[in-house]
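These are the residues of each chain, in order.
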Amino acid sequence: MSNKDSAAINNKKLPKGAYGGVSGKDYVPYITDKSKTGGNAAVLIIGLVLASVFAASTAYSGMKAGLTVAAGIPGAIIGSAFVAAFAKQKGILGKNLIQGMSSGGESVASGLIFVLPSVILIGSDFTFLEGLLVGVGGVLFGIGAASLVHNYLIVEEHGKLVYPESMAISETLVASDTGGDSIKYMGIGFGIGGIITVITSSFLNLTNNVMSFIGSKGYKWKFDMEVNPLLLGIGFIVGLEVALTMFAGSILSSFGIAPLIGYFTDMAKDGVMVWNNPSMQINEMTVQAISSSYVKYIGAGMMLFGGIIGAIKLIPTIIASVKETTKAKGTGGESSSMQMMILLGGAIVGFIAAFIISGNITMAIVGAVLSLLLSLLFVIVAGRLTGTIGTSNLPVSGMTIASLVIVTLVFVIMGWKDQADNKSLLLFGSFIVVAIAIAGGYCQSQKVTYIIGGNKNEMQRYFTLASIVGVVVVVATMLVLSEQLKITGDNPPFALPQANLMSTLTSGIMSGDLPWVMILVGIFMGLVLYFLNLPIMTVAIGFYLPIATTSIILVGALIRVLVERTAKNDKEKEVKVANGISLSSGLVAGGSILGLIGIICQVTGVVGGNTPSGFAAGNGMAVVLLATLVILTIIPIMNSKVKEND
């Protein structure tokens, strides 16, 4: 063991440069022995089993309730137990591979549930082969495209892109490996996050955890705050600048655009219906309806513009990466060869899928080319956004909406507008959304590998295999449940909120019934942000996400500001922030693991049926819960002591 390895283990925490302060090329990881690997048969089997479990549970719960939980942290903690039992010699590197494989299975499910069930909702169906091809093609192309900008996103931008959930996973892995203060604060955070999650709607639903205030009819506004320890923990990790920018987007959406639209909808005559809800009159729209039917499409337009600008800015990096890849390939670089093989494999599978699902050769070529170009664009965006807000809040739906708008418009121009064409379109969309979702999980897992000191090529192989297994599991799950997925109306077995949105979007464009004005408004708002040199995508995320999410993230960031400003000196601030990040990682871990278990228990009927009543059902209870969460978070961090050897 090297001296640097010994120093890291004696400190029982991530290296000081893990969160920045040094350039990426100078960062010394937790494990410095490059000859060590994390993989063997036991790790592979454990990882594939967990990938399958997370894929199936995410697909089931996501289609049921529209909720998914990132699997990186649960995978790290569960994997730690299995590695200790069956592959102890592989240690933290084996645990890292397992968390990555878990994330691969979950990422596939999080993508496929957005679009693939839409095929069933339009009255069509898909075969196992069709689902398998678009899923595997999306996985391979997403991983290959993300690999092209690996050095830029992971190494060059180290310290600039925070990767909050990657750091939480890294803290979890190190804590399981070393013990000490990190595991202590992780444990405190896990307990706080777990207990609050269990008593709220994510699990037992004993108490209300959402503060909600609605304005008058004349000025239709709504402010919510979800008391969620997971989101508060992420806020502490990402810091004030990102959290405040996202919240600004939510303020614009909730208190600017929505009330403005509401002002004019109140003037509408009776009999004028909402474009995507023929049972609702425009002058009867609530602020929730205004947001879901109009405001979100403005957000999609902003993301579309932001994605295009972001991709244009990254063109030099992509070109440089390709050149480096070609050069490395010529000298026998294993990493470069693997990247190009995976990327090319994804493109080939994509074209094969296009010819199988399309009714003609022209549609196959046009659809495949569009899918590959849009996937490349948004994979890069997804990788960068993961570095800002993590995969849990990655706006996959917004990027998918923007992609589907473009593809559907091309289909309409080409005259492909019947149900069979819509099915083909949605299968192309499934390829795109899988590539986007898998890119987020992949970049997150590779950032952990970089921080810990694992082998990026080994992670790439294990992650890819787990993701392909995840596709098989998710497609099979959907086909088994296909008859239940067809049921609509009040209280259907599966609500399919995202898939309903996608099917409505494509059908609306093909029929000519879509609020294009909203999309264009979003594009021009993005242009204004660009001229003002403001972060388009971060503002757009806040605009698109509910204010209930961004407000609690801001609370977490404000707690960090309090901790930093009350510290007596730089050393104390450093220690308290480090312990706060460990505690926040525990909040994320506790909230995500118990949230995942809770959703599974709810959708399988193990728990459920509870409805808070009286004080427990009102805003007062949510305020008490928020105060409790904030106090329980602040006290341990503020009581941190600077040790002499720190």
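Chemist: Honestly, the overall build of the protein in this entry has me stumped. Any pointers?
Modeler: Counting secondary structure elements, the protein contains 24 helices and 4 strands. What you see for the protein is a C-alpha radius of gyration of 24 Å, in line with the 26 Å of a compact globule of 646 residues. In terms of principal-axis extent, the alpha carbons of the protein reach across some 75 × 65 × 50 Å. For the protein, the residues scored as buried account for 60% of the 646 residues in total.

Chemist: Could you clarify how one ought to interpret the side chain of E106 in this entry?
Modeler: Along the chain, E106 falls in helix α4 (residues 91–115). The buried charged residue E106 lacks any salt bridge, with K296 as its nearest oppositely charged partner at 18 Å. At a separation of 2.7 Å, a polar atom in the side chain of E106 contacts the side chain of S110.

Chemist: What is the right way to read the pairing of strand β4 (residues 277–281) from this model?
Modeler: Both faces of the sheet carry side chains from a regular strand, because those side chains alternate between them. When strand β3 (residues 273–274) meets β4, the two strands line up antiparallel, connected through 2 bridges. Looking at the pairing, V274 lines up with N277 of β4. Counted between consecutive antiparallel strands, the loop separating β3 from β4 contains 2 residues.

Chemist: Can you help me understand unusual backbone geometry in this one?
Modeler: Glycine aside, residues mostly have negative phi angles, and peptide bonds mostly take the trans form. Backbone geometry places Y163, a non-glycine residue, at a positive phi of 50 degrees. Turning to its location among the elements, Y163 is positioned in the loop between α7 (150–156) and α8 (164–178).

Chemist: Just checking my understanding: could you explain the pattern of salt bridges for this structure?
Modeler: When the charged atoms of two side chains with opposite charge come close together, those side chains can pair. The final tally for this structure, using the stated rule, is 8 salt bridges. Measuring nitrogen to oxygen at the nearest pair gives 3.4 Å for the salt bridge that ties E157 to R384. Within this pair, whereas E157 is found in the loop between α7 and α8, its partner R384 is found in helix α14 (residues 361–389), the two being separated by 227 residues in sequence. The exposure class assigned to R384 is partly exposed, which follows from its relative accessible area of 31%.

Chemist: Explain the packing of aromatic side chains here, please?
Modeler: Within a pair of aromatic rings, the relevant descriptors are the distance that separates the centres and the angle that separates the planes. Tallied over the full model, the rule gives 10 aromatic pairs. Their ring planes at 50 degrees and their centres at 6.1 Å tell us that Y530 and F531 sit as a pair that is tilted. Judged by relative accessible area, which is 62%, F531 ranks as exposed. A connected cluster of aromatic rings, assembled from ring pairs, spans F305, Y530 and F531.

Chemist: Just checking my understanding: could you explain the pairing of strand β2 (residues 222–226) for this structure?
Modeler: The buried fraction of β2 is high, at 4 of 5 residues. Examined bridge by bridge, strand β1 (residues 210–214) and β2 share 5 bridges and lie antiparallel to one another. Pairing of F213 across the sheet is with F223, part of β2.

Chemist: Teacher, can you tell me more about helix α11 (residues 240–265) here?
Modeler: An α-helical turn contains 3.6 residues, so any two residues separated by three or four positions project in the same direction. The end-to-end C-alpha separation of α11 is 36 Å, in line with the 38 Å expected for 26 residues at 1.5 Å each. Its axis deflected by about 30 degrees at S253, α11 carries its strongest bend there.

Chemist: Which parts of the structure should I look at to understand a nonpolar patch on the surface?
Modeler: A cluster of nonpolar residues, L129, L344, I348, I352 and I356, forms a patch on the protein surface that exposes about 450 Å² of accessible area. Looking at the nonpolar patch element by element, the count peaks at 4 residues for helix α13 (residues 334–357). Looking at the secondary structure, you find L344 in helix α13.

Chemist: Please explain the packing of α11 against helix α22 (residues 547–566) as it appears in this structure.
Modeler: Following both chains from N to C, one finds α11 and α22 inclined at 150 degrees, their axes separated by 9 Å at the closest point. Judged by the inter-axis angle, α11 sits roughly antiparallel to α22. For α11 against α22, the interelement crossing comes out left-handed. Of α22, the residues touching α11 (which contributes L240, A243, L244, M246, F247, S250, I251, S254 and F255) are I547, T550, S551, I553, L554, A557, L558 and V561. By residue class, the composition of the contact of α11 with α22 is 13 nonpolar, 4 polar and no charged.

Conventions we followed
- Residues numbered from 1 in each chain as written.
- Predicted model: local features only at pLDDT ≥ 70, side-chain atom pairs only at ≥ 80, totals over all residues.
- Heavy atoms only, no water.
- Helix = DSSP H or I, 4+ residues; strand = E, 2+ residues; numbered from the N terminus.
- Rg over C-alpha atoms; globule rule 2.2 N^0.38 Å.
- Buried < 20%, exposed > 50% of the residue type's maximum accessible area, 1.4 Å probe, protein only.
- Lys, Arg positive; Asp, Glu negative; His and termini not counted.
- Salt bridge = Lys/Arg side-chain N within 4 Å of Asp/Glu carboxyl O.
- Polar contact = N/O pair within 3.5 Å; in protein donor to acceptor, adjacent residues only side chain to side chain.
- Pairing = 2+ DSSP bridges.
- Phe/Tyr/Trp six-rings, centres within 6.5 Å; stacked < 30°, edge-to-face > 60°.
- Expected span 1.5 Å × (residues − 1).
- Bend = angle between axes of the 7 residues up to and from the residue.
- Patch = residues over 30% accessible without salt bridge, like charges linked within 9 Å, V, L, I, M, F, W, Y side chains within 5 Å.
- Areas by Shrake-Rupley, 256 points an atom, 1.4 Å probe, with all protein chains shown as cover.
- Axes fitted to C-alpha atoms, helices over the stretch in contact; angles between N-to-C directions.
- Parallel < 35°, antiparallel > 145°, perpendicular 65-115°, else oblique.
- Left-handed = near helix turned anticlockwise from the far one by under 90°.
- Contact = heavy atoms within 4.5 Å.
- Nonpolar A, V, L, I, M, F, W, Y, C, P; charged D, E, K, R; others polar.

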